[in-house]
Amino acid sequence: MGQDDTEMASTPLEEVHGKIAKMCKIARREPDDVTLIAVSKTHPPEKIIPLLDQGHRVFGENRVQEAQGKWPALREKYPDVELHLIGQLQSNKAEDAVDLFDCIHGLDRLSLLKALAKAMDKTGRRVPCFVQVNIGEEEQKGGCAIADLPDMIAKARDAGIPIAGLMCLPPAGIEPSPFFALLHKLAHDNSLEGLSMGMSGDYETAVQLGATHVRVGTALFGERG
Ligand SMILES: *Cc1c(COP(=O)(O)O)cnc(C)c1O
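Thresholds applied
Per chain, residues are indexed from 1 in the order of the written sequence. Confidence filtering applies because this is a predicted model: local features only for residues at pLDDT of at least 70, side-chain atom pairs given and counted only at 80 or more, and all residues used for totals across whole chains, interfaces and linings. The side-chain quantities take in all heavy atoms of the structure and omit both hydrogens and water. A simple rule labels every residue: compare its accessible area, found with a 1.4 Å probe on the protein chains alone, to the largest value its type can have, and call it buried under 20%, exposed over 50%, or partly exposed in between. Here a strand is any run of E in DSSP of at least two residues, a helix any run of H or I of at least four, and the numbering for each starts at the N terminus. Strands pair, by our definition, only if DSSP identifies at least two bridges between them. For the handedness criterion, the strands are oriented away from the viewer, and a crossover whose path from the first strand over the helix to the second runs clockwise is classed as right-handed. We call two residues in contact when some of their heavy atoms are within 4.5 Å. One side-chain nitrogen of Lys or Arg within 4 Å of one carboxyl oxygen of Asp or Glu is enough to make a salt bridge.

Caption draft 1: Highlighting the pairing of strand S6 (residues 163-168). Burial analysis of S6 places five of its six residues in the buried class, the great majority of the element. Inspection of the sheet shows strand S5 (residues 129-133) paired to S6 by five bridges, in the parallel sense. Pairing of Gln132 across the sheet is with Met167, part of S6. Note that S6 and strand S7 (residues 194-196) share three bridges and pair parallel. Each residue of the ladder has a partner; that of Leu166, found in S7, is Leu195. Where the polypeptide runs from S6 across helix H8 (residues 177-189) and back to S7, its parallel neighbour, the crossover connection is right-handed.

Printed below as a string of structure tokens:
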């Protein structure tokens, strides 16, 4: 009997964890240093509950309103859920976001920085934020310009916003490795530990290049409708 025959059918969650572990071994990293954020945007609770029942607790959503509709009920049953906001955040939703989320990945402009600082002062919740970097210097894309990064980090610190690290979405359709490597360098230059990078198509590469948080949706839940 070949080794393949003895392997039990594994769940997508186990497969993704397995690939992360493999990449960590190659890169001589500890798998515990990589947080898998299961991106459940657009998916209903019926699809999320199986992951919760397998023990997974870290999830990502990209819209405040959608998350407000889904997660309070799920959290009653699974109170130790850790919820990450991974998408663009409008300043007028900053307080709702600070109330609901445990981490915010899209701090990308000074107006939002001010809104988040105000919301954190008001609610007393200090929610760690990743500064989103426009790593490919794309005009149409959100994210702090690389040149503005030190100023953004300094202003966030002054405003009492805990900075978890840097986040990026590399340009579509081209090899992401150079952008992941650049984000790693920028984090190092600014003495930041966290690196939120890598999605279903490229999280293995991102782990090799130092990602501490990978944001994986499709590989766990299937295609979004
Ligand atoms: C949707 C989304 C993801 C997950 O994408 P998949 O390709 O489904 O893994 C990751 N990061 C951000 C910012 C997203 O909006």
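Caption draft 2: Fine view of the side chain of His43. Summarising the element assignment, His43 is placed in the loop between strand S1 (35-39) and helix H3 (45-53). A relative accessible area of 3% means that His43 is categorised as buried. Setting aside chain neighbours within four positions, we find His43 in contact with Ile48, Glu66, Lys70, Phe221, Gly222, Glu223 and Arg224.

Caption draft 3: Representation of the pattern of salt bridges. All chains considered together, the criterion is met by eleven salt bridges. With a closest N to O distance of 3.7 Å, Arg125 and Asp102 form a salt bridge. Here the residue Arg125 occupies a position in the loop between helix H6 (110-123) and S5, and Asp102 occupies one in the loop between helix H5 (94-100) and strand S4 (103-107), the gap between them amounting to 23 residues. A salt bridge links Lys155 to Asp151, with the nearest nitrogen and oxygen atoms 2.9 Å apart. With Lys155 and Asp151 both in helix H7 (residues 149-158), this residue pair falls four residues apart, about one helical turn. On the basis of relative accessibility, which here comes to 37%, the residue Lys155 falls in the partly exposed class. Several salt bridges converge on common partners, so that one network encompasses Glu61, Glu66 and Lys70.

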